[in-house]
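Each chain, written out:
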Amino acid sequence: MKDLFEFYPPITILKDEPLSNYTYTKTGGKADYLIFPKNPTEVKVILDWVNDQSIPLTVIGNASNLIVKDGGIRGLVMILSEMNQIIQLDQQQIQAQSGALLADVAAFARDVTLSGLEFACGIPGSIGGAIFMNAGAYGGEMADVVYQVDAITRQGEFVTYDLDACQFSYRHSFFQDQGDIILAVRYQLHEGECDAIQAVMTELTQLRESKQPLEYPSCGSVFKRPPGHFTGKLIQEAGLQGYRIGGAEVSRKHAGFIVNVDQATATDYVDLIHYIQAVIWDQFQVRLEPEVRIIGEDQE
């Protein structure tokens, strides 16, 4: 990556960086190189360079719903956490760069008395990751509040997508299929009252804290909700709550979570996910599809 340093020295690049320093599970192997662009221009510089050099590029968000395998990721990994500006555009719209935390954007909306993002106050992901996954909670999801998304294609072309073009569905978006890198999101909200917005956020925060195992590292909700079923209830009824592989355990507080209770590895997580899927299929003939994104290489 020396050539990239020389080509564009302001960009921060780390070599052989453990991704366990960034994932919410505290697991994962090393990135060959990890890079932190500060603006869309730097993202384009990186894209042009990796395309010219034929180097693989992986983009990750806040790594809250992500498992990086123990073999790590080859090539270049990009994290957009330094692109985190949030601004108000007009009376009912705010814009957030993709590296901004969803909880911070929800708080910003409250402070300018705009309602609509209360459901997102406890989601730990970044804006980019939230759009990529169509993140949601407590009856709301990104598709409900997005007006448009600014992105850059893997070929380095800046593009803007309206709501329909994002093709949102349950935990899915256009960006999972196309690979465009999300740069910023414009939200369409509605005017509210600060105390009322905060009251909803406080209620949802208390609900989340009472039900989710926030005291342990985890990757959030592991599986998508299968049609006609509740994932946590299925896992509970299968007798898997508290089941452990290595240091990864099915949470005793919420069966839809896998927590790192004792120096778990990513392999522990992946093996436990596969075990849960096999048991649920065997007992209920229900296929559990991971909501968590699993990337990287197996350890040799």
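Residues numbered from 1 in each chain as written. Predicted model: local features only at pLDDT ≥ 70, side-chain atom pairs only at ≥ 80, totals over all residues. Heavy atoms only, no water.

Taking an unreviewed UniProt entry as the reference, the protein is identified by name as UDP-N-acetylenolpyruvoylglucosamine reductase belonging to Facklamia hominis CCUG 36813. UniProt lists a comment for the protein under the heading Function (unreviewed entry), and it reads "Cell wall formation." Turning to the protein, the UniProt annotation filed under Catalytic activity (unreviewed entry) states: "UDP-N-acetyl-alpha-D-muramate + NADP(+) = UDP-N-acetyl-3-O-(1-carboxyvinyl)-alpha-D-glucosamine + NADPH + H(+)". (UniProt positions renumbered as here; feature names shortened; annotations may be inferred.)

Caption draft 1: Representation of the pattern of salt bridges. Tallying each qualifying case throughout the model produces twelve salt bridges. Between Arg-74 and Asp-32 there is a salt bridge whose closest N-O contact spans 3.0 Å. Of this pair, Arg-74 sits in strand β5 (residues 73-79) while Asp-32 sits in strand β2 (residues 30-36), placing them 42 residues apart in sequence. A salt bridge links Asp-298 to Lys-69; the nearest nitrogen and oxygen atoms lie 3.6 Å apart. (Salt bridge = Lys/Arg side-chain N within 4 Å of Asp/Glu carboxyl O. Helix = DSSP H or I, 4+ residues; strand = E, 2+ residues; numbered from the N terminus.)

Caption draft 2: Structural detail: the UniProt feature "active site" (unreviewed entry) in the protein. Residues given the UniProt feature "active site" (unreviewed entry) here are Arg-171, Ser-221 and Glu-291. Spanning 121 residues, the named residues form one tight spatial group whose C-alpha atoms are at most 11.3 Å apart. Looking at the secondary structure, you find Ser-221 in strand β15 (residues 218-221). Not counting residues within four places of it along the chain, the set of residues in contact with Ser-221 comprises Asn-65, Gly-256, Phe-257, Glu-291 and Val-292. Mapped onto the elements, Glu-291 comes out in the loop between α8 (266-284) and β19 (293-295). (Contact = heavy atoms within 4.5 Å.)

Caption draft 3: Just the nonpolar core, in detail. With 36 residues, the main nonpolar core has Leu-117, Ile-127, Ile-131, Met-142, Phe-175 and Tyr-187 as its most contacted residues. Here this core gets four residues from one element, more than from any other, and that element is helix α3 (residues 102-111). Cys-219, Val-222, Ile-235 and Ala-266 belong to the second-largest nonpolar core, a separate cluster that totals 24 residues. (Core = buried A, V, L, I, M, F, W, Y, C linked by side-chain atoms within 4.5 Å. Buried < 20%, exposed > 50% of the residue type's maximum accessible area, 1.4 Å probe, protein only.)

Caption draft 4: A look at the domain arrangement of the protein. Its domain assignment divides the protein into domain 1 (1-79), domain 2 (86-209) and domain 3 (213-295). The C-alpha centroid of domain 2 is placed 24 Å from the C-alpha centroid of domain 1. Each partner contributes residues to the interface: domain 1 has 13 residues there, and domain 2 has 14 residues. Note on domain 1 versus domain 2: buried area summed over both sides is about 1100 Å², and carbon and sulfur give 64% of it. Linking domain 1 with domain 2 are zero salt bridges. For the pair domain 1 and domain 2, the interface holds four residue pairs in polar contact (both at pLDDT 80 or more). Listing elements by their share of the side of domain 1 that touches domain 2, those giving two or more residues are α2 (40-53) and β3 (57-60). With six residues, α2 is the single largest residue contributor to the side of domain 1 that touches domain 2. Within the side of domain 1 that touches domain 2, the residues separate by chemical class into six nonpolar, five polar and two charged. (Domains from an automatic or database assignment. Buried area = accessible area lost by both parts, 1.4 Å probe. Polar contact = N/O pair within 3.5 Å; in protein donor to acceptor, adjacent residues only side chain to side chain. Nonpolar A, V, L, I, M, F, W, Y, C, P; charged D, E, K, R; others polar.)

Caption draft 5: How the structure looks around the packing of aromatic side chains. Counted by the stated rule, this structure contains five aromatic pairs. Taken together, a centroid distance of 6.1 Å and an interplanar angle of 45° make the contact between Tyr-22 and Phe-36 tilted. With Tyr-22 in the loop between β1 (12-18) and β2 and Phe-36 in strand β2, this residue pair connects regions lying 14 residues apart in the sequence. Given the relative accessible area of 24%, Tyr-22 is considered partly exposed. Owing to a relative accessible area of 9%, Phe-36 belongs among the buried residues under this scheme. Where Tyr-161 meets Phe-174, the ring centres are 4.8 Å apart and the plane angle is 55°; that geometry is what we call tilted. Here Tyr-161 is found in strand β12 (residues 158-162), whereas its partner Phe-174 is found in helix α5 (residues 174-178), with 13 residues between them in sequence. Taken as a pair, Tyr-161 and Phe-174 share a single burial class, namely buried. Between Arg-225 and the ring centre of Tyr-170, over which it is positioned, the NZ or CZ distance is 5.0 Å. Over the ring of Trp-281 we find Arg-287; its NZ or CZ atom is 4.0 Å from the centre of that ring. (Phe/Tyr/Trp six-rings, centres within 6.5 Å; stacked < 30°, edge-to-face > 60°. Lys NZ or Arg CZ within 6 Å of the ring centre and 35° of its normal.)

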